Each structure stands twice: as C-alpha cells, then as structure tokens.
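Below are the chains, spelled out letter by letter.
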Amino acid sequence: MQKAIPPRLVEPYLTGRRAVIAGFVYRVQDSSFAGPAEYYDALDLGYEGSDFGPGLTELYVLRWNAVAAESYQVPYSPEMGGDWSGKPPFTGNGYTSSRSHVVAEFYLDPVPIPVGAEIYRISAAGTDFIARFDGQAWLRPVGAG
Amino acid sequence: MRYRLMATYRGVPYEAGIGPTDRDVVLFAACPPPEELGFEPATGHWRKQLRIQDVQGLWESRPMGVFRGERCIVLDDLGDRLHIAYLGHDGYRAVQLGYWQVDRGVFELVTPREEVTEIVEERLDYPHRAVASLPPADFATGPLPPAAPQAAYPPPPPAPVHDGRVPAAPPRDRPWTTSPLGGSAPGQQRDLAVIPPTSEPPLPVEAAALRAASARTLEHSQPLPAWPQPATDPEPQPVPAPPAPPDLAQPSPRRRRSALRRLATQRIFSELAGLAAIPRSAYAVGEEVDGAMCLIQTADGFEVFNAAGGSRHEVRLFDDEESAYFYLFGVLAAEAVRTGRLAPKD
C-alpha cells in the first residue's frame, strides 16, 4: 500500500512524532506513476486545504505491507451503500476523480505504522529510498544526508 | 496515554509492532528486560522480533474520548493538550466540529485536555489475529476490497468515464499475489541509522491545528450537542496532609530534613520533567497509575516500574530515592527523545 505524505507531515513522520497512518490509501500496483505531477492528478492531491501544489517537483510517499486487510475500507458514499461524504475531489465511488488514471482508493482509520514501512522521495529524477521504520524510529541509510 | 499496539509475551505486556510481514511481531521495551528473554538493544529501546504465533495476546490500546459530542481517538497526550482524531466518515461534520484536515480525509485536532471527556482505554484484539489465513500481501497488492456496508456483494462501482469511454475496472477482486516493486521492495538490507529529532518545539501539524482551532469560527448548519462540561483533571492531585497541631506530632529534626529533602528531590524532578517536555501523565510519584511510569516507596526501598494492565512491569528497586528519581527521569527522557518531544537546541 502507499499514500502520499503531505509536505507538512514529512518531518513529523521522519522524526517519529507522527506514528499513525490514516486516510485514503492506495495499492502500489494501482498507483505508481512517472512523476510528482501524475501522482498529484491521480491521487486527488489538490483537495481543499492541501499543501501539495500542482507544480510540485518532489513528493514523499509512505509504503507498507498491508496487514489486517479488513481495516481497509472502500469509501463508498451513501448512494453507493456506504457512509462516506466529503467535498470534491472525493467521488464516493471507490475511485479517485482522475480522468487520466483509474485508481481504486481505500480508507484506513488510524493504525500504528507497521514495522518495515518505508518512505520514498519521488521526483523527475526517479525514486529514492529515504527511510525505513523499525517500529520505534525511522532509520536512514548510513551516510545519507 | 497513547494509541499503540500491545502484545503479551510470557505473561508480560509489551508495546509491539507488526511487520515486516503480517506474520511478524516486534516487541519493544523502554527498560532492559531480563537477559534470558533475548531482547536486543536498539537506539533508545530494547526489541525482540517473534513470529506472531509466539505471542499470547495482541491488542490495540486505543484511548477513546468524546469531543463535542462525538467519539474521537486520542493519538497522543501532550500534557495539557490532547492530539485527537475524528473517527467518522463525514468530512463536513468533522470540519463543523472544529477538526482540521491534516491530510486528505484525515481530520485531527490538538485541543485542551478538558475539551475531551469520557476518556477510556479500549482494548481491541488486533484484527490480524482473526484472519489467520490471510493470503500474503505486500506493497504492491494490498488488501482485497471489503464489501461495502449494507450489501453482501456490492455492485462494482462505476469506473470514471474518460472521454466517453468506460475503461476496464481496476482489478479490485483479483487474487492475492506478491509482486515486489522494482527497486523498492520492502525488506531490502541496507545500512541504516536513526534519524535524529529536530529541535522544532511544536509539531507543524500540531501548531497548525492549534491555529486552526483557535481561529476557527464554527459554522453550524445544525445545532451542535450541548457543550460537555470540562472534565476534571484525570490525574490525581496530591492531597495535602492536614496540618498537625502546634504542639503535637512534630517530626524530629532528622525526619523533617528527610521530608524536606524528599520534597526538594521531587520538585527538582518535576521541574526537569517539565523542561524535558515530559507529559505529566507519563509518570506518577507516590502512587500507581496504569499507563504511567511510577515511583513509589516500599518497605524495601524505592520502586520504579511501568504500570500496565493492572500489573507492574520492568520493576527496578533502588535503595535511595535520588537514584530512583534519576532512573525514572532517564527512562522518561529517553522516551521523550524517541518521540521527538525532547530535542537538542541548535
């Protein structure tokens, strides 16, 4: 699974001050794109109050192995048999609103970050490994800046 | 008081984490457990990785409360403030209640402690235990989509229309497979080092949420429930001893000196704990408070232990009180460093 980390939350995650994953999450197989702009479009990152910008040049994503699969709910609107509601770009049909990419979305109530979760930085130059969660702290590659 | 996963191993509860696979559990201890348990030292803690079947219990410790009439989860205890999260699925309602959207569909708030009432710790068996036959999952495959509420087999949602064409629905019901990510598969061995906490005192999200909370004028499209009365401070306050009559029960000078010294030690500890951003709820002196590191005097000396689940864990006994306080402060400070509350100033 993966989710894009809002820029203002990257530092709290990496310093261990944010210890949960919550909200809209996606399977990596559905949501791996060429660069930040595609992520922005495909994952509805332009929501109200977002600090992602359409011209973002880099993006941090959190990736983890899904455990407790029943925790991952499809955020259907009442019209679709669920009870989720929210402002657009929320669609309520289980998919993001992108017209360029078809991405199934799941919703996760807060859960502790699983051991082994990883953070990557995605930019036009590629995908860089940033850190791995050991259950208590995020570990960076030795020698990384 | 913090939302966390717990596991019982050989009768003792430990904070735990699941991973790197859904069959692995890692136990964490702030104090060194007995050597024969085989915990390994790590930065700021001790840890032991086990197969999930080797632990006797696995549960979520979820501090739950009520904020403005609706249930919330307490993500963290910041002392006089609580970091809470909205648990409903109605984004409009969350905003109406005063929550701040910290991430898409994630509504949280840092609020004065007295605004959150009916705080209780819910213990839920970790869901993973109920699905022992889960097929393997990884970063790429994720979970199978669950059935939508009110329908055993919900119709597949209509896929977005692209230029008049309906694309094939994504494979939401495909069988579980494992397909590691190219170049970014989990579990690759790397030499890693701990990321140090920064010296920025407030959490960015916390500061922003506080700003949002203070500045927000609630727009009520419908009347909100009556504001709950502020809760009384859940932390027990020391009860002052009744003053002794002037000519009776006067302590000897030696006992008085001891009491004064004890008060001074406790005061210094409290001041240091405050300076180290250690929440008052993280420790208890002179009493046993579940969920806190406690220091109490016994017939044998001074005990410092972690009170959890009605039991004392990681008990350490000290002959003198100052050593006990020093040890207690060290454990709490280590936790504060780990969580980033305590960081060196540049």
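Residues numbered from 1 in each chain as written. Chains lettered and ligands numbered in written order. Predicted model: local features only at pLDDT ≥ 70, side-chain atom pairs only at ≥ 80, totals over all residues.

S.K.: Explain the overall build of chain B to me, please; I cannot follow it from the model alone.
M.R.: Counting secondary structure elements, chain B contains four helices and 16 strands. Considering only residue pairs separated by 6 or more positions, chain B has 57% of its internal contacts joining residues 24 or more positions apart. (Helix = DSSP H or I, 4+ residues; strand = E, 2+ residues; numbered from the N terminus. Contact = placed C-beta atoms within 7 Å.)

S.K.: Mind showing me how you'd approach the overall build of chain A here?
M.R.: Tallying secondary structure elements over chain A gives two helices and eight strands in all. Secondary structure of chain A in N-to-C order comes out as β-α-β-α-β-β-β-β-β-β. Within chain A, buried positions represent 64% of all 145 residues. Summarising the internal contacts of chain A: among those between residues at least 6 apart in sequence, 59% fall at separations of at least 24. (Buried ≥ 20, exposed ≤ 12 C-beta atoms within 10 Å, placed from the backbone.)

S.K.: What's the story with the pairing of strand 6 (residues 57-67) of chain B in this structure? I'm lost.
M.R.: Residues and elements named next belong to chain B. Where strand 1 (residues 4-9) meets strand 6, five bridges bridge the pair, whose relative direction is antiparallel. Considered in strand 6, the bridge of methionine 6 is made with tryptophan 59. In the sheet, strand 6 pairs with strand 11 (residues 116-125) via eight bridges, with the strands oriented antiparallel. Bridge pairing links methionine 64 to valine 120 in strand 11. Pairing of strand 6 with strand 7 (residues 70-77), which is carried by four bridges, proceeds in the antiparallel orientation. Each residue of the ladder has a partner; that of glycine 65, found in strand 7, is cysteine 72. (Pairing = 2+ DSSP bridges.)

S.K.: Sorry if this is basic, but what is going on with the sheet that holds strand 13 (residues 283-285) of chain B here?
M.R.: Residue and element names in this part refer to chain B. The sheet built from four strands is open, its strands ordered 13-14-15-16 with mixed pairing. Only two strands of the sheet have a single partner each, and these edge strands are strand 13 and strand 16 (311-318). Each strand axis lies, on average, 25° off the axis of its neighbour in the sheet, ignoring direction. The pairing of strand 14 (residues 293-298) with strand 15 (residues 301-308) spans six bridges and is classified as antiparallel. Counted as the bridge partner of isoleucine 296 is glutamate 303 from strand 15. (Axes fitted to C-alpha atoms, helices over the stretch in contact; angles between N-to-C directions.)

S.K.: Which parts of the structure should I look at to understand helix 4 (residues 321-339) of chain B?
M.R.: Side chains that are three or four residues apart share a direction in an α-helix, a result of its 3.6 residues per turn. Residues and elements named next belong to chain B. With 19 residues, helix 4 extends 27 Å from end C-alpha to end C-alpha; this agrees with the ideal 27 Å at 1.5 Å per step. Residues of helix 4 that are buried: Ala324, Tyr325, Leu328, Phe329, Leu332, Glu335, Ala336, Arg338 and Thr339. The positive-phi residue at the C-terminal boundary of helix 4 is glycine 340, with phi of around 90°. (Expected span 1.5 Å × (residues − 1).)

S.K.: What is the right way to look at helix 1 (residues 7-14) of chain A in this model?
M.R.: Buried within helix 1 of chain A we find A:Leu9, A:Glu11, A:Pro12, A:Tyr13 and A:Leu14. Two residues or fewer after helix 1 of chain A comes A:Gly16, characterised by a positive phi angle close to 80°.

S.K.: For this particular structure, what's the right way to read unusual backbone geometry?
M.R.: The omega angle of the peptide bond from A:Pro88 to A:Pro89 is 15°, so this bond is cis rather than trans. Within the fold, A:Pro89 resides in the loop between strand 4 (72-73) and strand 5 (106-112). With an omega of 5°, the peptide bond running from B:Gly19 to B:Pro20 counts as cis. Summarising the element assignment, B:Pro20 is placed in the loop between strand 2 (12-18) and strand 3 (24-29). Backbone geometry places A:Asp44, a non-glycine residue, at a positive phi of 55°. By secondary structure assignment, the location of A:Asp44 is in the loop between helix 2 (36-42) and strand 3 (58-63).

S.K.: So what exactly am I meant to see when it comes to the sheet that holds strand 2 (residues 20-25) of chain A here?
M.R.: Adjacent strands of a sheet form backbone hydrogen bonds with each other and so pair up, either parallel or antiparallel. Residue and element names in this part refer to chain A. Strand order across the open sheet formed by three strands is 2-5-4, with antiparallel pairing between neighbours. Strands with a single pairing partner mark the edges of an open sheet, and in this sheet they are strand 2 and strand 4. Of the pairings in the sheet, the one linking strand 4 to strand 5 comprises two bridges and is antiparallel in character. In the strand pairing of strand 5, glutamine 73 is matched with tyrosine 107.

S.K.: What exactly am I supposed to notice about the pairing of strand 5 of chain A here?
M.R.: In summary, the side chains of a regular strand alternate between the two faces of the sheet. All names here are of chain A. Of all seven residues in strand 5, five are buried, a share of seventy percent or more. Sheet analysis places strand 2 next to strand 5, joined by five bridges and oriented antiparallel. Bridge pairing in strand 5 links valine 20 to proline 112.

S.K.: Quick question: what am I supposed to make of the environment of B:Pro41 here?
M.R.: In this structure, B:Pro41 sits in strand 4 (residues 40-42). Once the C-alpha coordinates of B:Pro41 and B:Ala29 are considered, the two residues, 12 residues apart in sequence, prove to be 9.4 Å apart.

S.K.: I would appreciate a short explanation of the confidence of the model for chain B in the present structure.
M.R.: Parts of the model with low pLDDT should not have their predicted coordinates read in detail. Residue and element names in this part refer to chain B. Residues at a pLDDT of 70 or more form 60% of chain B, whose mean pLDDT is 69. Per-residue pLDDT stays below 50 along residues 128-138; that stretch engages in 24 contacts with residues further than four places along the chain or on separate chains. Note on residues 144-188: pLDDT under 50 across the span, and 73 contacts to partners over four residues away in sequence or across chains. This complex was scored by the predictor with a pTM of 0.62 and an ipTM of 0.95. (pLDDT = per-residue confidence, 0-100.)

S.K.: I'm lost on the environment of A:Pro36 in this one. Help?
M.R.: Residue and element names in this part refer to chain A. Along the chain, the position of proline 36 falls in helix 2. Through-space distance from the C-alpha of proline 36 to that of glycine 53 is 9.9 Å; in sequence the pair is 17 residues apart. Those residues in contact with proline 36, other than ones at most four positions away along the chain, are Leu56, Thr57, Glu58, Leu59, Ile122 and Ser123.

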